Amino acid sequence: MPDNSDHSTRDVIIIGAGVCGIYMLHKLLECGMNATVVDAAERPGGTWNKNRYPGARFDSESYSYGYSFNEEILQEWEWSEQFAGQPETLRYLTYVVDKLDIRDHMQFNCLVSAARYDEARSCWQVELADGRTLCSRYLCTAVGLLSAPTKPRFKEMASFEGESFHTYEWPEDLDYANKRVAVIGTGATGVQIISEIHDKVSELKVFQRRPNWCAPLKNFPIEDQAALKASYPALFEKMKSTLSGFVHAPRMVASTEETKEEREAFWEELYEQPGFGIWLGNYYNVLLDEDANREFSEFIAKKIRQRVDDPATAEKLIPTDHGFGTRRVPLETRYFEAYNNPAVELIDLNDTAIERITPEGIKTSAQDYQFDIIVYATGFDAVTGAFDLIDITGREGEKLRDKWRDDPLTYLGLQVVGFPNLFTLAGPQSASVGSNFPPAIQSVVDWTCELIQYLEDNKIKGCEPSVASEQYWQGEVKKGYELTLLGTAKSWFTGYNSNVDGHDKLRHLVYFNGAPKLRESLSAESDNGYPGFELQA
Ligand code: NA7
């Protein structure tokens, strides 16, 4: 057997070449560190490389998703639409990689199978599926929040003779025109696909377990690039001030402080506005107070009834188990109108459960269906799922997947007791899960690079949080869950996934206290010489 080990020790290995990994690599190289990115994919882009299903696009304003750290990139890149489609976002990330000239420090087709902390040498041994082992003093995970797709566990799934796949693995060049298609799942992904393909296929059956509260995206082309670019400083300042890191800030008036007529008028206005304003720019109490939330949910239900011709179908599309915005709100373009297309049928799995997959299609308790294509739009083992796919072993042989089996434990969403020098950049309980990902990740990356620099300057071999810090952070995360109605709903935000053993329950994945508070916590640590960490010389 040839020895494939690469024993040369790097300063940092970053797992993942998506939005987070790209920026982390750039920052580290700028600091003069020897860093490399490894990624299982064949190119950079992360989630925007993998999610190639028809209709995939931003629900965040394009410019609020782009990086803000580099003036040249800001001035050079032009977003064509308010909410860019996936191909454009992938082009953007590719452009950034080349503009920053960091591609030579990236290794593709490198699936990481295991990472083990070598206590004797104070370094991480990262094992790749191709048999190589890389070593580094620091290990940074930029593995994405939604990169471990999960399929349902129906009987005889492999028997289907047509094409079937999870949305994350949408086959390139799949011809779905005039085909009989089934879509299982109506989260943000399913909603985008259904809206995009329903008038191109010969028939579309949507298998829905629980509907989501959706709202109009209202996309439009960006005509005045110069005006947009001139507004960047003000926009980024605004994003810094909001809890969500988006341009939308809640209206600091309770819905009950205004009359019914004023509320209706404001909500009509929000319904006509583009983006997440309807979710994040609403009266502040809509996401805090059940009565306020119920009244607004009823407003949205009325809209659904207006937009869907068949009253029975409209009722099935109105959620009854959770209020508006307590799960991720899918933004849509004529989604509800898709159900007015005679080629589309909504099958409520609460009325007729799927019994099994057949060679021809799907058998429910009521009927046998024939399909050419079955699309599993069934979501992800969110946030911790991608970590569980890597066998991560810390001090004294402790496994991260064991430590996080019931609930993740971190300090600042960035470090874990027992796993020195591991930085879980886009991991559970950090700002990146609870707010607009790219700006959140920029501050986390900046802070982590500063800490690594501090460790290097002070010749510190090992950095991990104290047990007390980890417990404190768990308390902070739990407080956030109690604060908002989002903490109670069964969704990927709260770690719920019926397709993964042990994840059919509430878990503390998200830091709901807002991006500004997380930034304050980070600054308090660095300003005070990292009191929450145990630093080993
Ligand atoms: P989501 O939002 O987790 O949605 C998954 C959907 O799949 C949801 O409607 C689920 O129903 C449904 N599902 C999952 N398992 C099953 C089974 N076993 N049977 C029937 N239906 C099932 O994932 P998405 O990919 O849509 O969106 C993820 C994020 O990507 C999104 O929030 C954006 O941030 C981008 P359920 O509601 O659980 O009853």
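Keep in mind the model is a prediction, meaning the values are calculated, not measured.

Rules used throughout
Residues numbered from 1 in each chain as written. Predicted model: local features only at pLDDT ≥ 70, side-chain atom pairs only at ≥ 80, totals over all residues. Heavy atoms only, no water. Helix = DSSP H or I, 4+ residues; strand = E, 2+ residues; numbered from the N terminus. Buried < 20%, exposed > 50% of the residue type's maximum accessible area, 1.4 Å probe, protein only. Areas by Shrake-Rupley, 256 points an atom, 1.4 Å probe, with all protein chains shown as cover. Lys, Arg positive; Asp, Glu negative; His and termini not counted. Charge placed at Lys NZ, Arg CZ, Asp CG, Glu CD. Near = heavy atom within 4 Å. Polar contact = N/O pair within 3.5 Å; in protein donor to acceptor, adjacent residues only side chain to side chain. Nonpolar A, V, L, I, M, F, W, Y, C, P; charged D, E, K, R; others polar. Pairing = 2+ DSSP bridges. Disulfide = S-S within 2.5 Å. Axes fitted to C-alpha atoms, helices over the stretch in contact; angles between N-to-C directions. pLDDT = per-residue confidence, 0-100. Contact = heavy atoms within 4.5 Å. Parallel < 35°, antiparallel > 145°, perpendicular 65-115°, else oblique. Phe/Tyr/Trp six-rings, centres within 6.5 Å; stacked < 30°, edge-to-face > 60°. Lys NZ or Arg CZ within 6 Å of the ring centre and 35° of its normal. Patch = residues over 30% accessible without salt bridge, like charges linked within 9 Å, V, L, I, M, F, W, Y side chains within 5 Å. Salt bridge = Lys/Arg side-chain N within 4 Å of Asp/Glu carboxyl O. Expected span 1.5 Å × (residues − 1).

(A) Highlighting the overall build of the protein chain. Secondary structure assignment for the protein chain yields 18 helices and 20 strands. Its C-alpha atoms put the protein chain at 70 × 60 × 45 Å along the principal axes. The burial tally for the protein chain puts 59% of its 537 residues in the buried class. Carbon and sulfur atoms form 48% of the exposed surface of the protein chain, whose accessible area is close to 21,500 Å². For the protein chain, the centre of its 54 positive side-chain charges and the centre of its 82 negative side-chain charges are spaced 2 Å apart.

(B) Representation of the site of the ligand in the model. Neighbouring the ligand are 21 residues; T189, R209, R210, R327 and W492 lie closest to it. A377 places a main-chain nitrogen or oxygen 3.2 Å from an oxygen atom of the ligand. Surface burial for the ligand is 86%, taken as the share of its 780 Å² of free accessible area covered by protein chains. By residue class, the composition of the shell around the ligand is 10 nonpolar, seven polar and four charged.

(C) Summary view of the pairing of strand β12 (residues 344-348). The element β12 is largely enclosed, with a buried count of four among its five residues. As defined by bridge partners, strand β9 (residues 203-208) adjoins β12 across five bridges and the pair is classed as parallel. Bridged to F207 within β12 is I347.

(D) Inspection of the state of the cysteines at higher detail. One pass over the structure, following the stated rule, counts zero disulfides. C140 takes part in no disulfide bond, and the closest cysteine sulfur, belonging to C449, lies 7.5 Å away. There is no disulfide at C463, and the cysteine sulfur nearest it, in C140, is 11 Å away.

(E) Spotlight on the sheet that holds strand β15 (residues 368-370). In space, the three strands of this open sheet follow the order β13-β14-β15, with antiparallel pairing throughout. The sheet is open, and its two borders are formed by β13 (354-357) and β15, each paired with just one other strand. The sheet shows a mean angle of 20° between the axes of neighbouring strands, taken without regard to direction. The pairing of β13 with strand β14 (residues 361-364) spans three bridges and is classified as antiparallel. Considered in β14, the bridge of I357 is made with I362.

(F) Quick peek at the confidence of the model for the protein chain. Taken over all residues, the pLDDT of the protein chain has a mean of 96, while the share at 70 or more is 99%. Looking at the elements of the protein chain, mean pLDDT is at its lowest for helix α15 (residues 431-434), recorded as 77, and at its highest for strand β8 (residues 180-184), recorded as 99.

(G) Seen up close, the side chain of Q125. Residue placement: Q125 occurs in strand β5 (residues 123-128). A distance of 3.2 Å separates the side chain of Q125 from the side chain of D118, its partner in a polar contact. Not counting chain neighbours up to four residues away, the residues in contact with Q125 comprise A114, A115, R116, D118, T133, L134 and C135.

(H) Focus on the packing of helix α1 (residues 19-30) against helix α5 (residues 86-100). The contact between α1 and α5 brings their axes to 11 Å, and the two run at 10°. Considering the angle they form, α1 stands roughly parallel to α5. Facing α1, whose interface residues are V19, I22 and H26, α5 presents L93, V96, V97 and L100. Here the contact of α1 with α5 is built from residues that sort into six nonpolar, one polar and no charged.

(I) Region of the structure containing the side chain of S491. With respect to the helices and strands, S491 occurs in the loop between α17 (467-483) and α18 (515-527). Setting aside chain neighbours within four positions, we find S491 in contact with R327 and Y496.

(J) Seen up close, the packing of aromatic side chains. This model, assessed by the stated rule, comprises 43 aromatic pairs. Aromatic side chains Y335 and Y339 sit 5.3 Å apart centroid to centroid with 90° between the ring planes, which places their arrangement in the edge-to-face category. Summarising the burial analysis for this pair, Y335 and Y339 share the class buried. Looking at R251, its charged tip hangs above the ring of F266, at a distance of 4.2 Å from the centre.

(K) Focus on the sheet that holds β12. With parallel pairing, the five strands of this open sheet are ordered in space as β7-β16-β8-β9-β12. In this open sheet, the two edge strands, each paired with only one partner strand, are β7 (163-166) and β12. The mean angle between the axes of side-by-side strands here comes to 15°, regardless of whether they run parallel or antiparallel. Looking at chain direction, β8 and strand β16 (residues 373-376) are connected through four bridges and run parallel. The residue of β16 that forms the bridge with V181 is I373.

(L) Highlighting a nonpolar patch on the surface. Together, M252, Y284 and L288 give the surface a local cluster of nonpolar side chains, amounting to about 310 Å² of exposed area. Considering the arrangement of structural elements, one finds L288 in the loop between α9 (277-280) and α10 (290-307). Of the residues examined, L288 reaches a relative accessible area of 42% and is grouped as partly exposed.

(M) Layout of the environment of P311. Within the element layout of this structure, P311 appears in helix α11 (residues 311-316). By relative accessible area, P311 is classed as exposed at 60%. In sequence terms P311 and K505 are 194 residues apart; their C-alpha atoms lie 33 Å from each other.

(N) How the structure looks around α1. Over its 12 residues, α1 extends 17 Å from the first C-alpha to the last, a length consistent with the 16 Å expected when each residue adds 1.5 Å. In terms of burial, α1 is a largely internal element, 10 of the 12 residues being buried. Every buried residue of α1 is accounted for by V19, C20, G21, I22, Y23, M24, L25, H26, K27 and L28. G32, located one to two residues past α1, shows a positive phi value of around 80°.

(O) Structural detail: the pattern of salt bridges. Inspection of every chain in the model, using the stated rule, returns 43 salt bridges. With its nearest N and O atoms 2.7 Å apart, the salt bridge here joins D59 to R328. Note that D59 is positioned in the loop between α2 (47-50) and α3 (62-65) and R328 in the loop between α11 and β11 (331-332), a separation of 269 residues in sequence. The class of D59 is buried, set by a relative accessible area of 6%. With relative accessibility at 25%, the residue R328 sits in the partly exposed group. Where salt bridges share partners, they join D11, R137 and E456 into one cluster.

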